[in-house]
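Per-entry structural report
Spelled out from the first residue to the last, the chains are:
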Amino acid sequence: MLPKKFIGDRAFYRSLLTLTLPVLVQNGITNFISLLDNVMVGSLGTEQMSGVSIVNQLIFVFNLCIFGALSGAGLFGAQFFGKGDHEGLRSTFRFKLLLSLCIAAGAILIFTFFGEPLISLYLHEGSETGDLSLTMHYAKEYMAVSLLGLLPYTVTNVYASTLRETGNTLPPMKAGILGVAVNLSLNTLLIFGLLGFPRLGVVGAAIATVFARFTECLAVVLWTHLHRERCEFIKGAYRSFRIPASLMRRIAITGAPLLANETLWAVGQAMLLQCYSLRGIAVVSAMNISNTVFNTFAVVYLSIGTAISILLGHRLGAGETERAREEAPRMIAAAGLMGLLVGIVIILLAPVFPMLYNTTDEVRSLATGFTLVVGCYAPFNAVLNSSYYTLRSGGKTVVTFFFDCGYVWLINIPTALLLITLTPLPPIPIYILAHSTEILKLALGIFLVGRGIWLNDITTHKKRKKAI
């Protein structure tokens, strides 16, 4: 049995579930539709699937940049809401919007002028599967259309993150459901050319995603502005874009490591895929299938991480330090249990899921192996993820920077690269060995949470007393 330290009462689990469930439903439906989208594209052929997966890996870096930009200010937003400081929350909203729009503009420029060189980093001989030039063709087609969806994605996340910080988790969930419904419907029509629509293949998949992004954006923005009494932060938010200099400085100091962390972590994941791609395009396709299974089910415990950050932020902002200290291990334990259940499901699906794709036996075999590995590591990943969010809730972003992306660049990437370039090992044993390095990171995370270094109210601005 677990010690009482790791078990909460009904009120605790009710508050955790209240925040987790809407995020889980929204992300779960989104990821499930992404799974269907992935399978639909996968039914077109290996080259189409590989091209789309490479572009999505690059866009994933952008998505995490936005997440990092919002997370830094979001730490303040959650604590401002806990204090009842609507003006402070309004300022963090403005900061989020301005910074995120700058990042979106930069990403569009980079992908427009350097998209082809970035895609070519993943195209290597080394397997029996795949036509590299055809893969490049499909990737460029998909990217050209997908860039139109970056701006609405950005605005949606600025609004949705602030709504979640204020406890309004249902509207972003409903907007997300509407968006994925549009995505699924248009995918079915445009990829395969049903009901008189043109058969557009990967271009159709990109168009469907862009329409879904605009639909979700419109829904969440309209709801916020039509419910101003529940969204105090939006009142006068556009009257000016003035943000107190002291708050900007504190958000920048606290948020910069978090933005750098999310960006470098995402780039690190892209680099890891690039390392594995040295063994051939079949590895890229197989990892796409494996990651799709993981993302679909891991959302169960990843959503708890979002709830942990918000709940502990509320506790710290309200000055309830001891309550935050008591609840943190219970939240982490709950995430670990969910990770164990998710891992079992992933392992059971590992031999079955790759059969849904129109690809080669080589890709299916590799995908099964990769999926078994991520299933086995799911419980560890769940505890690691919740430890990260716990440390982040108190603004210890420099610590989380070295804990998260620092580990990827200093340990994960060198390990994978050395194994790939210096040994004749096949991809799956290399994948197992590279993942095993996460055990040390897990122990470090548990140690740092136990030390309580994250118990910090970052919204309290202490001015220095002037000398008399």
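Concerning the overall build of the protein chain
Broken down by element type, the protein chain carries 15 helices and 0 strands. For the protein chain, the C-alpha radius of gyration of 22 Å lies close to 23 Å, the compact-globule estimate for 468 residues. In terms of principal-axis extent, the alpha carbons of the protein chain reach across some 75 × 50 × 45 Å. Counting over 468 residues, the protein chain shows a buried share of 56%. A separation of at least 24 residues holds for 84% of the contacts in the protein chain among residues at least 6 apart in sequence. Of the roughly 20100 Å² of accessible surface on the protein chain, 68% is carried by carbon and sulfur atoms. Seen as two clouds, the 35 positive and the 24 negative side-chain charges of the protein chain have centres 14 Å apart.

Brief notes about the side chain of Asn385
Mapped onto the elements, Asn385 comes out in helix H11 (residues 361–393). With sequence-adjacent residues up to four places away left out, Asn385 is seen in contact with Tyr301, Leu302 and Gly305.

A few points about the confidence of the model for the protein chain
Summing up the model confidence of the protein chain, the mean pLDDT is 84 and the portion of residues at 70 or higher is 93%. Between the elements of the protein chain, mean pLDDT differs from a low of 74, seen in helix H1 (residues 10–42), to a high of 93, seen in helix H7 (residues 202–226). Counting interchain partners and residues more than four positions distant, the pLDDT-below-50 stretch residues 462–468 has 0 contacts.

Some words on helix H8 (residues 245–277)
Over its 33 residues, H8 runs 46 Å from end to end, which matches the ideal 48 Å to within 8%, given 1.5 Å per residue. The largest bend along H8 reaches roughly 40 degrees and is located at Gly255, with the proline Pro257 sitting one to four residues downstream.

Let's talk about the nonpolar core
Ranked by internal contacts, the top residues of the largest apolar core, which has 102 residues, are Phe62, Phe111, Ile119, Val202 and Tyr276. No other element matches helix H2 (residues 46–83), which puts 16 residues into this core. Beyond its immediate chain neighbours, meaning those up to four positions away, Ile119 contacts Ile54, Val55, Leu58, Met136, Ala139, Lys140 and Met143. Among the nonpolar cores identified, the runner-up in size contains 29 residues, and Leu19, Leu258, Ile304 and Leu448 belong to it.

Considerations on the layout of surface pockets
The computed volume of the largest pocket comes to approximately 400 Å³. Forming the boundary of the largest pocket are 17 residues, of which Lys5, Phe6, Pro329, Ile332 and Ile446 lie nearest the centre. Mapped onto the lining of the largest pocket, the elements with two or more residues apiece are helix H10 (321–349), H11 and helix H15 (438–451). It is H10 that contributes the most residues to the lining of the largest pocket, 8 residues altogether. Of the residues assigned to the lining of the largest pocket, the class counts are 9 nonpolar, 4 polar and 4 charged.

Points about the packing of helix H3 (residues 86–120) against helix H4 (residues 132–146)
Relative to each other, H3 and H4 sit at 150 degrees, their axes nearing to 10 Å. As far as their axial angle goes, H4 and H3 are roughly antiparallel. The interaxial crossing formed by H3 with H4 has right-handed handedness. Note on element contacts: H4 touches H3 through Met136, Ala139, Lys140 and Met143, opposite Phe111, Gly115, Glu116, Ile119 and Ser120. Residue composition of the contact of H3 with H4, by class: 5 nonpolar, 2 polar and 2 charged.

Digging into the environment of Met40
With respect to the element layout, Met40 can be found in helix H1. Distance from Met40 to Lys96, taken between C-alpha atoms, is 35 Å for residues 56 residues apart in sequence. Ignoring anything within four residues of it in the chain, the contact list for Met40 reads Leu184, Asn187, Thr188, Ile191 and Phe192.

About the criteria used
Residues numbered from 1 in each chain as written. Predicted model: local features only at pLDDT ≥ 70, side-chain atom pairs only at ≥ 80, totals over all residues. Heavy atoms only, no water. Helix = DSSP H or I, 4+ residues; strand = E, 2+ residues; numbered from the N terminus. Rg over C-alpha atoms; globule rule 2.2 N^0.38 Å. Buried < 20%, exposed > 50% of the residue type's maximum accessible area, 1.4 Å probe, protein only. Contact = heavy atoms within 4.5 Å. Areas by Shrake-Rupley, 256 points an atom, 1.4 Å probe, with all protein chains shown as cover. Lys, Arg positive; Asp, Glu negative; His and termini not counted. Charge placed at Lys NZ, Arg CZ, Asp CG, Glu CD. pLDDT = per-residue confidence, 0-100. Expected span 1.5 Å × (residues − 1). Bend = angle between axes of the 7 residues up to and from the residue. Core = buried A, V, L, I, M, F, W, Y, C linked by side-chain atoms within 4.5 Å. 1 Å grid on protein atoms, 1.4 Å probe; cavity = no way out; pocket = protein on both sides within 12 Å on 5 of 7 lines; lining within 4 Å. Points joined across faces, edges and corners; volume = space filled by probe spheres on them. Nonpolar A, V, L, I, M, F, W, Y, C, P; charged D, E, K, R; others polar. Axes fitted to C-alpha atoms, helices over the stretch in contact; angles between N-to-C directions. Parallel < 35°, antiparallel > 145°, perpendicular 65-115°, else oblique. Left-handed = near helix turned anticlockwise from the far one by under 90°.

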